[in-house]
Each structure stands twice: as structure tokens, then as C-alpha cells.
Amino acid sequence: MHVPVISNDFDVLPCESPETSQATYADLRQRCPVAHTDSLGGFWALTRHADVARVAADYGTFTTTVQNVVPKIAFTGRRPPLHLDPPDQTPYRAALNPLLSAERVGLLESTVRRIVRDELHPLVVRGTGDICGEFSGRFPVRVFGHWMNLDDGLQAKLMDAGPAFIRAVQAFDNVAMKDTSVVLYDMAREVIAQRKANRLSPETDPVSALLAVRIEQSGQQVPLPDDMIIGTVRQVLVVGIVAPMVMVGSMALHLSRDPALHRQLKQNPALLPAAVEEFMRLYTPYRGFARTPLNDVEIGGCPIKAGEPVALTYASANRDESVFPEPDVFKLDRPNISEHLAFGRGPHYCAGAHLGRLELRVALEELLASTQALEVCGEVLYCPYPEIGPYQVPLRFVN
């Protein structure tokens, strides 16, 4: 058992690849499953599935209101629902969840497919391209723009502002993060002003749904605070951009290394939903979100003081060999694949899980339908914390 004292059990390397990260996590799961690092301001990392799942579900002890990612990158205000715990979180999730239900998302499939084809076609015709920067970093922006009913001008702004914020985060550039976040806040104010002037149906428009919410305050029913609605819209504008970009890059990179799987999935599209789930387990796009204990706690025999950041390392938990045998191997027929934590657990389970699955399935299906094989033809670049996976994958599209 690891000696439960503060020490530097591992280091966060600035240019580590998923392979080196996963080797570190595998070592920690066996040697030191509740680990501490001095990197990125210092934090605890939970690496085993059971510990991550427990803490993710226990919002009464482990709050998201202090810090929700490592490193801490929120500088410009509260952004529900991610920055709030129940019951404060509840009205925001209640407004957004119906618009992200399986039924509502299913109605978007034809639109998602059209957007995916529009963005993928130029790369396939040219025969080469960066699957992340030129495809999976773009189509989710258009999908979200459609889902949010943004006009053409705001969609164009988001296509620039969203990726700019993500690049600033990846570069650990605090000044650029603040500057690009301000642009996104201005966009949020603009779309809210549009909806206040011309309300759409709360059943089909997320901003209108937020504006329609009423909460009890001093015995009266009042709207949600303006600043919190702005924060929510600001959060929604970019929350669905990074994960699809990284996941599509990871899936394409895997297929380039496994042409037999490429052929199998191309010939059997019915296997794609299972393939997406296994890809998400194997290549979870987030190392993990953070929580902060409200009081002194003990996890895995290790005491952690109140206020010390704790990273829920989903990327490690999803390769926990005690839950997923042969965790580094892609298997289409895992009987317990539903146990993966790629979308989190508990009250902060990803509200956009159905949309994320749809985007990945359609992107994978169209990529397979358009190619006979994929070949890496340039340098692959990888994300730093908090994401894990590639943000640049130059490919040759073989037809």
C-alpha cells in the first residue's frame, strides 16, 4: 500500500503522448492508485475505476464549484451547469436535458450527416489532410451552431472563436485564454439579446429554454440570474468542440494502424455503435475532471485534506485491468462496455452524451464509406492537460 503522505509520485510532462501517459497510469494503478504530483499547481490523481466512479457520484463531499479541470482554467465567471452542484445545478440541466435527449438528438442525424459530408469531402477529394484541424475541429462547431439556432454571423464567429479558445488552453496561455473567453462571453450576450427580442420555442432552442426557467426566491417565481444564463451559454458554446475533435483523431489514428478493423467496420456498419463505445473507453478524450473535497477525506487509504484538488482520471479508470481485461486492446465484444466513464458519472454526467455518440458514429461511418484505408503522412501532435489524444493527425485517404 502506498505510504499516505504528500509526495511527488509522478510528473506531468509537457509533451507526453497518450502512450507515455497510459504507461504512467498503469504504473500508478498498481503502485500508487491515489497519487500526488507537484505539477500544474499540485493535485491528487485517482487512477482506479472504483475510486473515480465513487468521487464523481459523491457531489456532497467532492464539489465542482471550486475547480473542475486540471489545470484550473476558468478565470471569467461561473458557467453552469458544470460549475455548480445540485440543487443549484438542477434548473440549468432541467432546461437543457430535454433538448439533448435521445429522441431530440435522433432528429438531428440527417443534419449531422450533411455537415460531416460537407467537411470531409474536400479532404477525401484532395487525398490528404489533417483529420483534426480540417475536419473534426470544424464539423462539431457547425453541429452546435445548428442545435443552438445561431444565425450565420454567429456561426462564423464561433468557427473562429471556439478553436481559438481551445488552442489557448492547449498552449497553457492564460492571457490568450482570458482574451478568447471574453470573445465567447460577448457572443453569449449577443445570442441572449437576440432571443430576448425574438423568443423561440423552449422545446427546440436552448437559450429560450434557459430564459423560460423560473426558480423560487423569497416566495416568488423569478427568472434565472442574467449572469448565470450568460455563463451557461458561454459554456455550451465550446463544451462540445474538443472531445469530438480528439476522439475522431484517435479513431482515425487507430484505423491507420489496424487496416483489418477498417475493413471489418466498413463492411459491417451495424458494428459501429459498439465500436464507438470501445473507442471512447480506449481513447477517453479527457484525462479527467477535477473535484475539491469539502472536508478531510480518505481514498484508498490515503488522507486528502479539504480544499486540495483531486483529478478524476477517466483515461486511467477506463483502462483499469480489474474492470476491463486486456485494457489496452480494442475489443468490439466487451460484455461490460457500459461501465466505461468516458461521459463521467453522477450529476455531472455529460448532458450531450447522445449528441456526442451521434457525431462520432456518423463521422466514423462517413470516413469508412469514403476510404479503403488511412495512412499517416506527417507529424502527429498531442494535446496537453486536460485532454488526452491528438489534435493534429495528417492522413492520406486511400480510395
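Our structure is the block above this text.
Notes on the structure in this doc start here. (Residues numbered from 1 in each chain as written. Predicted model: local features only at pLDDT ≥ 70, side-chain atom pairs only at ≥ 80, totals over all residues. Heavy atoms only, no water.)

1. Some remarks on the overall build of the protein chain
(1) Moving on: Helix and strand content of the protein chain: 16 helices and 14 strands.
(2) Moving on: The C-alpha atoms of the protein chain give a radius of gyration of 21 Å, which matches the 21 Å a tight globule of 399 residues would have.
(3) Moving on: Dimensions of the protein chain along its principal axes, counting C-alpha atoms only, are 65 × 55 × 40 Å.
(4) Moving on: Taking all 399 residues of the protein chain together, 55% fall into the buried category.
(5) Moving on: Considering only contacts within the protein chain whose residues lie at least 6 apart along the sequence, 71% involve residues at least 24 apart.
(6) Moving on: Of the roughly 16,400 Å² of accessible surface on the protein chain, 54% is carried by carbon and sulfur atoms.
(7) Moving on: Within the protein chain, the 46 negative side-chain charges are centred at a point lying 3 Å from the centre of the 38 positive side-chain charges. (Helix = DSSP H or I, 4+ residues; strand = E, 2+ residues; numbered from the N terminus. Rg over C-alpha atoms; globule rule 2.2 N^0.38 Å. Buried < 20%, exposed > 50% of the residue type's maximum accessible area, 1.4 Å probe, protein only. Contact = heavy atoms within 4.5 Å. Areas by Shrake-Rupley, 256 points an atom, 1.4 Å probe, with all protein chains shown as cover. Lys, Arg positive; Asp, Glu negative; His and termini not counted. Charge placed at Lys NZ, Arg CZ, Asp CG, Glu CD.)

2. Overview of the packing of helix 9 (residues 174-197) against helix 11 (residues 226-239)
Helix-helix packing is characterised by the crossing angle of the two axes and by the distance between the axes.
(1) Moving on: At a minimum axis separation of 8 Å, helix 9 and helix 11 run at an interaxial angle of 115°. With respect to helix 11, the axis of helix 9 lies roughly perpendicular. Note that helix 9 runs across helix 11; the crossing there is right-handed. Mapping the contact onto sequence places Ser181, Leu184, Tyr185, Met187, Ala188, Arg189, Val191, Ile192 and Lys196 in helix 9 and Asp226, Ile229, Ile230, Gly231, Val233, Arg234, Leu237 and Val238 in helix 11.
(2) Moving on: Tallied by class, the residues present in the contact of helix 9 with helix 11 amount to 11 nonpolar, two polar and four charged. (Axes fitted to C-alpha atoms, helices over the stretch in contact; angles between N-to-C directions. Parallel < 35°, antiparallel > 145°, perpendicular 65-115°, else oblique. Left-handed = near helix turned anticlockwise from the far one by under 90°. Nonpolar A, V, L, I, M, F, W, Y, C, P; charged D, E, K, R; others polar.)

3. Regarding the nonpolar core
(1) Moving on: Counting 90 residues, the largest nonpolar core has Ile131, Phe135, Trp147, Val233, Leu237 and Phe279 as its most contacted members.
(2) Moving on: It is helix 12 (residues 242-257) that contributes the most residues to this core, 10 residues altogether.
(3) Moving on: Every residue in contact with Phe279, bar those within four places of it in the chain, is listed here: Met247, Met251, His254, Leu255, Leu261, Leu265, Thr284, Phe330 and Leu364. (Core = buried A, V, L, I, M, F, W, Y, C linked by side-chain atoms within 4.5 Å.)

4. Some words on the packing of aromatic side chains
(1) Moving on: Counted by the stated rule, this structure contains eight aromatic pairs.
(2) Moving on: When the centroid spacing of 4.9 Å and the interplanar angle of 35° are considered together, the rings of Phe135 and Phe139 count as tilted. We note that Phe135, like Phe139, is buried.
(3) Moving on: Between Arg234 and the ring centre of Phe165, over which it is positioned, the NZ or CZ distance is 4.6 Å.
(4) Moving on: Positioned above the aromatic ring of Phe324 is the side chain of Arg281, whose terminal nitrogen or guanidinium carbon lies 5.4 Å from the ring centre. (Phe/Tyr/Trp six-rings, centres within 6.5 Å; stacked < 30°, edge-to-face > 60°. Lys NZ or Arg CZ within 6 Å of the ring centre and 35° of its normal.)

5. Quick notes on the sheet that holds strand 7 (residues 289-293)
(1) Moving on: The five strands are arranged 1-2-10-7-3 in an open sheet whose pairing can be described as mixed. The two strands at the open ends of the sheet, each matched to only one other strand, are strand 1 (34-37) and strand 3 (62-63).
(2) Moving on: Pairing of strand 3 with strand 7, which is carried by two bridges, proceeds in the antiparallel orientation. Considered in strand 7, the bridge of Thr63 is made with Thr292. (Pairing = 2+ DSSP bridges.)

6. Some thoughts on the sheet that holds strand 4 (residues 128-130)
Two modes of strand pairing occur in sheets, parallel and antiparallel, and in both the strands are linked by backbone hydrogen bonds.
(1) Moving on: What the three strands build is an open sheet, ordered 4-14-11; its pairing is antiparallel. The open sheet has two free edges, formed respectively by strand 4 and strand 11 (373-376), since each of these has just one partner strand. The sheet shows a mean angle of 35° between the axes of neighbouring strands, direction not considered.
(2) Moving on: Pairing of strand 4 with strand 14 (residues 394-398) involves three bridges; the strand directions are antiparallel. Pairing of Asp130 across the sheet is with Pro394, part of strand 14.
(3) Moving on: Seen against the sheet, helix 12 touches strand 11 and strand 14 and runs at an angle of roughly 100° to strand 11.

7. Some points on the side chain of Arg234
(1) Moving on: Summarising the element assignment, Arg234 is placed in helix 11.
(2) Moving on: One buried charged side chain, Arg234, makes no salt bridge at all; its nearest oppositely charged neighbour is Asp186, positioned 9.9 Å away.
(3) Moving on: The contacts of Arg234, once residues within four sequence positions are left out, are Arg79, Phe165, Ser181, Leu184, Tyr185 and Ala188. (Salt bridge = Lys/Arg side-chain N within 4 Å of Asp/Glu carboxyl O.)

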